[in-house]
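What follows is the residue order along each chain.
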Amino acid sequence: MENKIKAYNSILELVGNTPLVKLNRITKGFTGNFYAKVEAFNPGHSSKDRIAMHIIEEAERKGILTEGSTIIETTSGNTGFSIAMVSIIKGYKCILAVSSKSSKDKIDMLRSMGATVYVCPAHVSADDPRSYYEVAKRLHRETSGSIYINQYFNELNMHAHYESTGPEIWEQTGGQITHFVACSGTGGTISGTAKYLKEQNPDVKVIGVDAFGSVLKKYHETREFDVNEIYPYRIEGLGKNLIPSATDFDVIDKFIKVTDSESAHTAREIAKTEGIFAGYTSGAVMQALKQLNEENEFGPDDNVVVIFPDHGSRYMSKVYSDQWMEDQGFFDTKEVGEIQKVQY
Ligand code: PMP
């Protein structure tokens, strides 16, 4: 009998092809047209599904991974979730070393997806044996037949976005995109997408979003690693205390920095104005748009695309908790201008 069932063969077939959504209200009074690529529509609820699929399938093509192999990674949570999801479907073991800065929700979620999770201290240097990099490297050495995804130093990270995010945005905008604005963590999203877009039209302007407390913006401007730029900050997944080789700084035109507090308030504002429940870095990229608009970056006919990397449900005990906001001092009106707690 002919099979008439319209079903996906597995959840993995839903990775990518995320929607581009016009921003209508949060951009009121802005000059230009603004669109968000909402990566929470991936089955693992973030853009990291793309790199997990791409890197694991490349390793399979090269014959490195076989049934029952172990996949190891350092992760702020999202990449871990995506690797855990792909590992379940494809029959691999998944070990994740995460920063203690990651939310409890994220860590619990990784364990629920069958991963073994090591929680490592956030504020030690990258070469400290307790850092999540060193823990992952050690586990990789000690586990035979394992692969280490190493997203900050793996060029396949960038390549995943060059092959999927870039072409999707070009197609969804009918080639009319003028600006691409994205958060930079590993830099895979911004550089892979930017490389593809600039190959189609070298005039597309690419702007990276960095955190205060991170070295990326200064490095882009001076090509020097300045330790004085480094101090603790709250936003997870954005900025870095090292220079990732997964970032191609040459395809990024400039960086802009955003604060923890304003990014948190802006994430909450996206939910209230656009009905899109997005993560902390979506607030960061939207905050960057506000600052860029103030600086008259955009013209009336410009089409600006931003990435909303993940879903708000991962931040219930952080950005979307009034108590957490209060504890951070983010309701201090001196810091956040006219935004009042009562709004929320
Ligand atoms: N937002 C979130 C929530 C992330 O987890 C990450 C990845 N660390 C990013 C943004 C930045 O993306 P990329 O690593 O591709 O630069």
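Residues numbered from 1 in each chain as written. Predicted model: local features only at pLDDT ≥ 70, side-chain atom pairs only at ≥ 80, totals over all residues. Heavy atoms only, no water.

Chemist: Requested: an account of the sheet that holds strand S10 (residues 303-308), with residues and values cited.
Modeler: One open sheet accounts for six strands, arranged S1-S2-S10-S7-S8-S9; its pairing is mixed. At either margin of the open sheet sits one strand with a lone partner, and together these are strand S1 (20-22) and strand S9 (254-258). Taking each pair of neighbouring strands and ignoring which way they run, the sheet shows an average axis angle of 25°. Each of strand S7 (179-183), strand S8 (205-211) and S10 touches helix H7 (residues 188-200); the most contacted strand, S7, lies at about 165° to it. Together, strand S2 (33-38), S7, S8, S9 and S10 form the strand contacts of helix H10 (residues 280-294), whose direction differs from that of S9 by roughly 110°. (Pairing = 2+ DSSP bridges. Helix = DSSP H or I, 4+ residues; strand = E, 2+ residues; numbered from the N terminus. Axes fitted to C-alpha atoms, helices over the stretch in contact; angles between N-to-C directions. Contact = heavy atoms within 4.5 Å.)

Chemist: Report on the site of the ligand, specifying residues and quantitative values.
Modeler: Taken together, 15 residues form the shell around the ligand, and within it Gly-185, Thr-186, Gly-187, Thr-189 and Thr-281 come nearest. Between the ligand and Lys-48, the relevant distance is 2.8 Å, taken from an oxygen atom to a side-chain nitrogen or oxygen of the residue. Gly-185 is positioned such that a nitrogen or oxygen atom in its backbone is 2.7 Å from an oxygen atom of the ligand. Starting from 390 Å² of accessible surface for the ligand in isolation, the protein chains cover 99%. Its atoms largely coinciding with the cavity grid, the ligand occupies the largest cavity. A domain split of the shell around the ligand shows at least three residues from each of domain 1 (11-46 + 155-328) and domain 2 (47-148). (Near = heavy atom within 4 Å. Polar contact = N/O pair within 3.5 Å; in protein donor to acceptor, adjacent residues only side chain to side chain. Areas by Shrake-Rupley, 256 points an atom, 1.4 Å probe, with all protein chains shown as cover. 1 Å grid on protein atoms, 1.4 Å probe; cavity = no way out; pocket = protein on both sides within 12 Å on 5 of 7 lines; lining within 4 Å. Sits in = over half its atoms within 2 Å of the grid points. Domains from an automatic or database assignment.)

Chemist: So, the packing of helix H1 (residues 48-61) against helix H2 (residues 78-90): which residues are in play, and what are the values?
Modeler: At a minimum axis distance of 8 Å, the contact between H1 and H2 shows a crossing angle of 45°. One element, H1, and the other, H2, form an angle in the oblique class. Where H1 crosses over H2, the two elements pack in a sense that is right-handed. Mapping the contact onto sequence places Lys-48, Asp-49, Ile-51, Ala-52, Met-53, Ile-56, Glu-57 and Glu-60 in H1 and Asn-78, Thr-79, Ser-82, Ile-83, Met-85, Val-86 and Lys-90 in H2. Here the residues of the contact of H1 with H2 are counted per class, giving seven nonpolar, three polar and five charged. (Parallel < 35°, antiparallel > 145°, perpendicular 65-115°, else oblique. Left-handed = near helix turned anticlockwise from the far one by under 90°. Nonpolar A, V, L, I, M, F, W, Y, C, P; charged D, E, K, R; others polar.)

Chemist: Break down the packing of aromatic side chains for me, citing the residues and quoting the values.
Modeler: Evaluation of the coordinates by the stated rule reveals 10 aromatic pairs. Relative to Phe-255, the ring of Phe-249 has its centre 6.2 Å away and its plane inclined at 45°; by these criteria the two rings are tilted. Ring centres of Tyr-280 and Trp-324 lie 6.2 Å apart, and the angle between their planes is 90°; on these two criteria the pair is classed as edge-to-face. With a gap of 44 residues between them, Tyr-280 in helix H10 and Trp-324 in helix H11 (residues 322-328) connect regions that are remote in the sequence. Grouping residues by exposure puts Tyr-280 and Trp-324 together as buried. Ring-pair connections join several aromatic residues into one group, and the members of that group are Phe-30, Phe-34 and Phe-298. Of note, Lys-195 hangs over the ring of Tyr-162, and the distance from its end group to the ring centre comes to 4.8 Å. One cation-aromatic arrangement involves Arg-314 over Phe-81; the distance from NZ or CZ to the ring centre is 4.5 Å. (Phe/Tyr/Trp six-rings, centres within 6.5 Å; stacked < 30°, edge-to-face > 60°. Buried < 20%, exposed > 50% of the residue type's maximum accessible area, 1.4 Å probe, protein only. Lys NZ or Arg CZ within 6 Å of the ring centre and 35° of its normal.)

Chemist: With reference to specific residues and values, describe the pattern of salt bridges.
Modeler: Tallied over the full model, the rule gives 23 salt bridges. Of the charged contacts, one joins Glu-221 and Lys-217 as a salt bridge, the two residues approaching to 2.9 Å between their closest N and O atoms. Of the two residues, Glu-221 and Lys-217 both sit in helix H8 (residues 216-222), four residues apart, roughly one turn of that helix. Lys-217 gets classed as partly exposed once you look at its relative accessible area, which sits at 23%. Among the salt bridges present, the one from Asp-322 reaches Arg-268, with a minimum N-O distance of 2.5 Å. With a gap of 54 residues between them, Asp-322 in helix H11 and Arg-268 in helix H9 (residues 260-274) connect regions that are remote in the sequence. Take Asp-322: its relative accessible area is 33%, and that puts it in the partly exposed class. Residues participating in the shared-partner salt-bridge network are Lys-37, Glu-39, Arg-50 and Glu-168. (Salt bridge = Lys/Arg side-chain N within 4 Å of Asp/Glu carboxyl O.)

Read these as geometric descriptors, not functional statements.
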